[in-house]
Amino acid sequence: APGADRICRLAFESAKKQGRTKVTCVTKANVVKTSDGRFLENFYRIAKEYPGIEADDWYIDIMTAKLIDEKRRRDFQVMVLPNLYGDILSDVVAQIAGSVGLSGSANIGKEHAMFEAIHGSAPRRAGQNLANPSGLLLGAVQLLLHIGQPEVATRVHNAWLTTIERGIH
């Protein structure tokens with residue numbers, strides 16, 4: 001329960017900070033009634049603390065289908081999910097954006113945070129001149145934002161975009 005409270009509150013705080021108006025909880029509470037059911041209950045309890053932000057929920061299977069639909073994916077602003085579903089959806093969303101290799105990841109705890117590429121390392125690509133450092137670089141951009149360096153994060157992100165736009169690979 002404390003972990004669910006923490007991550008749900010973080011989702012609402014993130015939405016508030018970014019000027020978003022909606023947070024969606026994704027579970028499989030209809031089947032995994034104990035753990036996912038509790039997560040969903042905690043989500044709606046925390047949502048009451050944020051009256052200006054809409055709260056809704058979806059099951060993981062239908063959410064995956066919604067994200068594949070180009071028109072429907074725009075309906076979602078901030079999502080909060082238990083770890084397993086977040087791991088799955090982050091790969092789906094990264095692939096929709098172009099490649100799993102293009103996304104950074106943040107694991108933020110109470111006292112510590114870790115930032116990385118969502119796909120982890122690519123040992124099968126070692127020595128082939130195929131590995132793409134974009135995910136790791138974008139994880140670093142998230143780190144810069146987390147430690148309160150938005151100007152530096154913007155400069156690094158814009159440099160990455162410029163590199164891509166110029167066709168440097």
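Refer to the structure printed above.
Residues numbered from 1 in each chain as written. Predicted model: local features only at pLDDT ≥ 70, side-chain atom pairs only at ≥ 80, totals over all residues. Heavy atoms only, no water.

1. Some thoughts on the pattern of salt bridges
Oppositely charged side chains can pair when the atoms bearing their charge come close.
Then step 1. A complete count under the given rule lists six salt bridges for this structure.
Then step 2. The partner of Glu49 in a salt bridge is Arg9, and the shortest N-O contact between them spans 2.8 Å. Of the two residues, Glu49 is situated in the loop between α2 (35-47) and β2 (54-59) and Arg9 in helix α1 (residues 2-18); the sequence distance between them amounts to 40 residues.
Then step 3. A salt bridge links Arg74 to Glu70; the shortest N-O distance between them is 3.7 Å.
Then step 4. When its relative accessible area of 63% is taken as the criterion, Arg74 is described as exposed. (Salt bridge = Lys/Arg side-chain N within 4 Å of Asp/Glu carboxyl O. Helix = DSSP H or I, 4+ residues; strand = E, 2+ residues; numbered from the N terminus. Buried < 20%, exposed > 50% of the residue type's maximum accessible area, 1.4 Å probe, protein only.)

2. Topic: the packing of aromatic side chains
Then step 1. In this structure the tally under the stated criterion is four aromatic pairs.
Then step 2. Ring centres of Trp58 and Phe76 lie 5.8 Å apart, and the angle between their planes is 85°; on these two criteria the pair is classed as edge-to-face. Placement of Trp58 in strand β2 and of Phe76 in the loop between α3 (60-68) and β3 (78-80) is noted, with a sequence separation of 18 residues between them.
Then step 3. A relative accessible area of 10% places Phe76 in the buried class. (Phe/Tyr/Trp six-rings, centres within 6.5 Å; stacked < 30°, edge-to-face > 60°.)

3. Focus: the packing of α3 against helix α4 (residues 83-97)
Then step 1. Viewed as axis vectors pointing N to C, α3 and α4 meet at an angle of 10°, and their least axial separation amounts to 10 Å. Relative to α4, α3 is oriented roughly parallel. Touching Ile60, Met63, Thr64, Leu67 and Ile68 of α3 are Tyr85, Leu89, Val92, Val93 and Ile96, all from α4.
Then step 2. In the contact of α3 with α4, the residues fall into nine nonpolar, one polar and no charged. (Axes fitted to C-alpha atoms, helices over the stretch in contact; angles between N-to-C directions. Parallel < 35°, antiparallel > 145°, perpendicular 65-115°, else oblique. Contact = heavy atoms within 4.5 Å. Nonpolar A, V, L, I, M, F, W, Y, C, P; charged D, E, K, R; others polar.)

4. Description of the sheet that holds strand β1 (residues 22-27)
Then step 1. Spatially, the three strands line up as an open sheet ordered β2-β1-β3, and their pairing is parallel. Across the chains shown, the open sheet's two edge strands, defined by having one partner strand only, are β2 and β3. Taken over all neighbouring pairs, the strand axes of this sheet differ in orientation by 30° on average, direction set aside.
Then step 2. For β1 and β3, the ladder comprises three bridges, and the chain directions are parallel. Bridge pairing in β3 links Thr24 to Met79.
Then step 3. Contacts from α1 reach β1, β2 and β3, with the element oriented near 175° to β3. (Pairing = 2+ DSSP bridges.)

5. Description of the environment of Asp36
Then step 1. Tracing the backbone shows Asp36 in helix α2.
Then step 2. Assessed through its relative accessible area of 5%, Asp36 is described here as buried.
Then step 3. Once the C-alpha coordinates of Asp36 and Glu151 are considered, the two residues, 115 residues apart in sequence, prove to be 38 Å apart.
Then step 4. Leave out the neighbours within four places in its chain, and Asp36 touches Thr27, Lys28, Ala29, Pro82 and Tyr85.

6. Here we look at the environment of Ala113
Then step 1. As for its position among the elements, Ala113 is in strand β5 (residues 113-117).
Then step 2. Between the alpha carbons of Ala113 and Ile147 there is a distance of 9.9 Å; along the sequence they are 34 residues apart.

7. Re the side chain of Lys28
Then step 1. Relative to the helices and strands, Lys28 is located in the loop between β1 and α2.
Then step 2. Taking relative accessible area as the criterion, Lys28 reaches 17% and is therefore assigned buried.
Then step 3. Contacts of Lys28, omitting those with residues within four sequence positions, involve Asp36, Tyr59, Ile60, Asp61 and Tyr85.

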